[in-house]
Amino acid sequence: MALRAALRSKFSLSALHSQLSPCSSHGKVCVSPVIVSQRRNNSTSPKIKVDFDQSTGVAVMCLQSPPVNSLSLDFLTELCISVEKLEMDKSCRGLIITSGQPKVFSAGLDIMEMYGKSPERCGEFWKAVQEMWLKLYNSNMVTIAAINGSSPAGGCLMSMTCDYRIMADNPRYSIGLNETLLGIVAPFWFKDTMMNTVGHRNTEISLELGLLYSPADALKIGLVDQIVPEDQVLAAATKTMTKWLAIPDHARQITKSMMRKPTIDKLTSNRDADIKNFVGFITKDSIQKSLGMYLEMLKKRKA
Amino acid sequence: MALRAALRSKFSLSALHSQLSPCSSHGKVCVSPVIVSQRRNNSTSPKIKVDFDQSTGVAVMCLQSPPVNSLSLDFLTELCISVEKLEMDKSCRGLIITSGQPKVFSAGLDIMEMYGKSPERCGEFWKAVQEMWLKLYNSNMVTIAAINGSSPAGGCLMSMTCDYRIMADNPRYSIGLNETLLGIVAPFWFKDTMMNTVGHRNTEISLELGLLYSPADALKIGLVDQIVPEDQVLAAATKTMTKWLAIPDHARQITKSMMRKPTIDKLTSNRDADIKNFVGFITKDSIQKSLGMYLEMLKKRKA
Amino acid sequence: MALRAALRSKFSLSALHSQLSPCSSHGKVCVSPVIVSQRRNNSTSPKIKVDFDQSTGVAVMCLQSPPVNSLSLDFLTELCISVEKLEMDKSCRGLIITSGQPKVFSAGLDIMEMYGKSPERCGEFWKAVQEMWLKLYNSNMVTIAAINGSSPAGGCLMSMTCDYRIMADNPRYSIGLNETLLGIVAPFWFKDTMMNTVGHRNTEISLELGLLYSPADALKIGLVDQIVPEDQVLAAATKTMTKWLAIPDHARQITKSMMRKPTIDKLTSNRDADIKNFVGFITKDSIQKSLGMYLEMLKKRKA
């Protein structure tokens, strides 16, 4: 439980910043006025802003790790701390996850955490990815992804852990598990999560081709549940949350657990093997080389 | 096998009533003239009317337990007896299930069987619910649900056990597993049956929100196979039955068993645990209290 | 491994014919000019023509067993040899399967192999059917079915083993697992393959009714991925292949294996039992009789 310890100590540190770092909204309104009005608990960190509205029981978690909310070890750790804290707060019944960065919900796993790193560090990183998935997919809260930007790879995974997905209807945004495009492979629990969302065949073709879907196409296959104009994503999420919170919590939670437990158990009983498998794969020379080429390509594109 | 014994003794009693109780159709034509014409075997009871047409090999089972075909222990027992009797009759190849009550196919499990009852009685009730599902989901006959009214909860379950579902295209009718709305939880075999019908994601969202679908929306997700004008439900079922009976029985039966056996085996190997789980849940104070509030609400609505 | 030996000896024989038997295209263009232009390896046999284009890494396998590409033991053996040969050639990355016979992709398993044959022969035949499925469903190559004609039963199975299915948009063509219509039963791995393609409910109703779908209906349920005008099937397959080959092979292959391995393992660990089950079923008097009646019906239809 080294990670847990790390999470908690990190958490303590990040709490110090709570009064100092306002939500940098980068041209987006991250928190609706209604929710802000009665908020009790601004446990913010530099990279994650949580607004919890005690009157509604709903927390809005705004991802604000520039430039594209890449899921680094640090960011994942903060995310897990934030989710765990809300989970333990009985008065928090619903969680909306959204982005404070322009055009991107989350760009997915931070490639820098997988490139040129020691096996130990890679393993630590992967454990944090697992932890994020376990916490969110298994959450007792109603979780809604307010996907206000592109959401590839790990960003798509995070979205799929939620109970409901609302995406901005902007054709320049895309969502999907595109790992194969980078020469890497989505592990079995990414695959299981996607199968539970869009079925076997859609998952097979998505993963083999590394498909990224436009919001409209994502809606067609059920990868998102709703698309709305870009400026209405958070409002739609808030409205949908109200509907979900009308359901008795205990019945909804038992039902959610019944639906997801087999998938969760598969990972919890194989965490170490999954880490070992990831580390063995990602530290291969051939994989490191292809990640390096991908990073070079990104650099050139920027320049 | 106490239930079996009960079923058989019950059966003997109900057979006495066969000549006495004509189908009370409550404004609906429950049995088409064609089918009536050659019927051989009117094993009717006060609450279930079976018309078996020897010339076609098709039985029409009309549910007529006022006011809304609630699945009480008595009603389930009669239902199981009727199905078992037809199952054992080699000349009966197809079964159409429909309602003789206005506006309702079946309102689902009778809440009075779960409220203020002893654990023993609750267990007996649940065993009958299991038995109904096992008999219908595992039937060698072609089974078609002619859903001429609303079909929530247990009514939806009964519909889903059939090989084919035709629903009246009346937007005031609805169908779905809405248990969570009452604060109770659909057990794993309800969930499995729904997953086999509409897939994992539709089941997850349906069960967590306790969704009731209009006929048109039910058609969209595949919860029903066909919607027709209200006065044509039984005719459409009869027509569809002809198509199914054109398939060699033995090949169809082996195929049906191959598709459903894993789901059936899961319950048959866990019946006692499932009963224990249900009884433990339903007799909880908190659940009893929320059922009580629901019943109060129903009473007030009537008054 | 008697089959393997048979396959290899057969292979040696068929190789002798490679220079002798040009593709009899029966009014269809089986191989696009582009692909022909640089082809290196014309391992043709009388019934299967393989054109491998070294410059693209794509092989086109043209089925040309008159009149309807029935899957006889001989034809299956040749098919397995051809696939295995391409599989072992590292430079071959993609395989397009299409038909050189008019109006038919493949009529499926050759009924003559199941009628009036000894149990030993039936078992040998079934092992070859298994082998075909295992080789194709498990292939490391990108496999695309260019379905330029009807594709019932075993023809549909072969199509479903591929990574992608493109069908001629001709309403006179149909595709599906229609075994029950003949009084026989699709085995569990046919069922599993179909479930992986179109989901549980579509499979249940398809198999129980032995449904054959028009190209448009097949597209609707996902049994094929694309329909195109009849003369563009192979061109569309070639174009799609380019897209698939842009994906890094190793990532795509690991992903494909992750998706399909559980289904493949189910058969590989039950091959003998599955053969025994098939032989026991197919040699039954009642089944032989119904096959005989079917063959009579076919004869009369011809006359």
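It should be noted that the structure appears before, not after, this text.
One structure accompanies this document, and this report is about it. This structure is a prediction, so every number in the text was calculated from the model and none was measured.

1. With respect to the interface of chain B and chain A
Listed as interface residues are 20 residues of chain B and, on the opposing side, 19 residues of chain A. Where chain B touches chain A, the interface holds 2 salt bridges. The closest approach of N and O atoms between Glu204 of chain B and Arg260 of chain A, which form a salt bridge, is 2.8 Å. Applying the counting criterion to the chain B and chain A interface returns 7 residue pairs in polar contact (both at pLDDT 80 or more). Elements represented by at least two residues in the side of chain B that touches chain A include exactly α6 (188-198) and α7 (200-209) of chain B.

2. Some thoughts on the relation of the copies chain B and chain A
Both copies of the chain are related through a single rotation about an axis accompanied by a shift along the same axis. Overlaying chain B on chain A yields an RMSD of 0.0 Å, the required transformation being a rotation through 120° with an accompanying axial translation of 0.0 Å. Here the symmetry operator amounts to a three-fold rotation axis. The C-alpha atom lying nearest the rotation axis in chain B is that of Gly199 of chain B; the distance is 4.2 Å.

3. Considering helix α10 (residues 249-268) of chain B
In this model, α10 of chain B (20 residues) spans only 25 Å end to end at C-alpha, well below the 28 Å of a helix rising 1.5 Å per residue. Of all the positions in α10 of chain B, only Ala251, Arg252, Thr255, Lys256, Met258, Met259, Arg260, Thr263, Ile264 and Leu267 of chain B are classed as buried.

4. Things to note about the interface of chain B and chain C
Contact with chain B, which involves 19 residues of that partner, is made by 20 residues of chain C. Each partner contributes to the roughly 1700 Å² buried at the junction of chain B and chain C, and carbon and sulfur atoms together form 66% of this total. Per-residue buried area on chain B facing chain C is highest for Ile247, Met258 and Met259 of chain B; these three make up 34% of the total on that side. Our enumeration of links across chain B and chain C arrives at 2 salt bridges. Our count for the chain B to chain C interface comes out at 7 residue pairs in polar contact (both at pLDDT 80 or more). At the level of elements, β9 (164-168), α6, α9 (233-245) and α10 of chain B are the ones that each hand at least two residues to the side of chain B that touches chain C. The biggest single contributor to the side of chain B that touches chain C is α10 of chain B, with 9 residues. Of the residues in the side of chain B that touches chain C, the class split is 8 nonpolar, 4 polar and 7 charged.

5. Quick look at the nonpolar core
Ranked by size, the top nonpolar core spans 269 residues in total, and within it Leu223 of chain A together with Leu223 of chain B carry the most contacts. Look past the residues within four positions of Leu223 of chain A in its chain and what remains in contact with it is Cys156, Met160, Arg165, Ile175, Gly176, Met194, Thr197, Val198, Tyr213 and Ala218 of chain A.

6. Section: the side chain of Asn148 of chain B
All names here are of chain B. Note that Asn148 resides in the loop between β7 (142-147) and β8 (151-152). A polar contact is formed between the side chain of Asn148 and the side chain of Thr98, at a distance of 3.1 Å. A polar side-chain atom of Asn148 sits 2.9 Å from the main-chain carbonyl oxygen of Ser99.

7. Focus on the packing of aromatic side chains
Evaluated as defined, the whole model comprises 21 aromatic pairs over all chains. Centroid distance Trp189 of chain B to Phe190 of chain B: 4.9 Å. Interplanar angle 70°. Geometry classified as edge-to-face. According to the relative accessible area criterion, Phe190 of chain B is buried, its value standing at 1%. What links up through ring pairs into an aromatic cluster is the set Trp126, Trp133, Tyr137, Trp189, Phe190 and Phe278 of chain A.

8. Here's the deal with unusual backbone geometry
Across the junction of Pro66 of chain A and Pro67 of chain A, the peptide omega takes the value -5°, indicating a cis bond. Mapped onto the secondary structure, Pro67 of chain A falls in the loop between β3 (58-63) and β4 (70-71). Non-glycine residue Lys103 of chain B carries a positive phi angle of around 70°. Counting through the fold element by element, Lys103 of chain B comes out in the loop between β5 (94-99) and β6 (108-109). The class of Lys103 of chain B is exposed, set by a relative accessible area of 59%. Positive phi, normally seen in glycine, also occurs at Asn69 of chain C, with a value near 50°.

Parameters at a glance
- Residues numbered from 1 in each chain as written.
- Chains lettered and ligands numbered in written order.
- Predicted model: local features only at pLDDT ≥ 70, side-chain atom pairs only at ≥ 80, totals over all residues.
- Heavy atoms only, no water.
- Contact = heavy atoms within 4.5 Å.
- Salt bridge = Lys/Arg side-chain N within 4 Å of Asp/Glu carboxyl O.
- Polar contact = N/O pair within 3.5 Å; in protein donor to acceptor, adjacent residues only side chain to side chain.
- Helix = DSSP H or I, 4+ residues; strand = E, 2+ residues; numbered from the N terminus.
- Least-squares fit on C-alpha atoms with pLDDT ≥ 70 in both.
- Expected span 1.5 Å × (residues − 1).
- Buried < 20%, exposed > 50% of the residue type's maximum accessible area, 1.4 Å probe, protein only.
- Buried area = accessible area lost by both parts, 1.4 Å probe.
- Nonpolar A, V, L, I, M, F, W, Y, C, P; charged D, E, K, R; others polar.
- Core = buried A, V, L, I, M, F, W, Y, C linked by side-chain atoms within 4.5 Å.
- Phe/Tyr/Trp six-rings, centres within 6.5 Å; stacked < 30°, edge-to-face > 60°.

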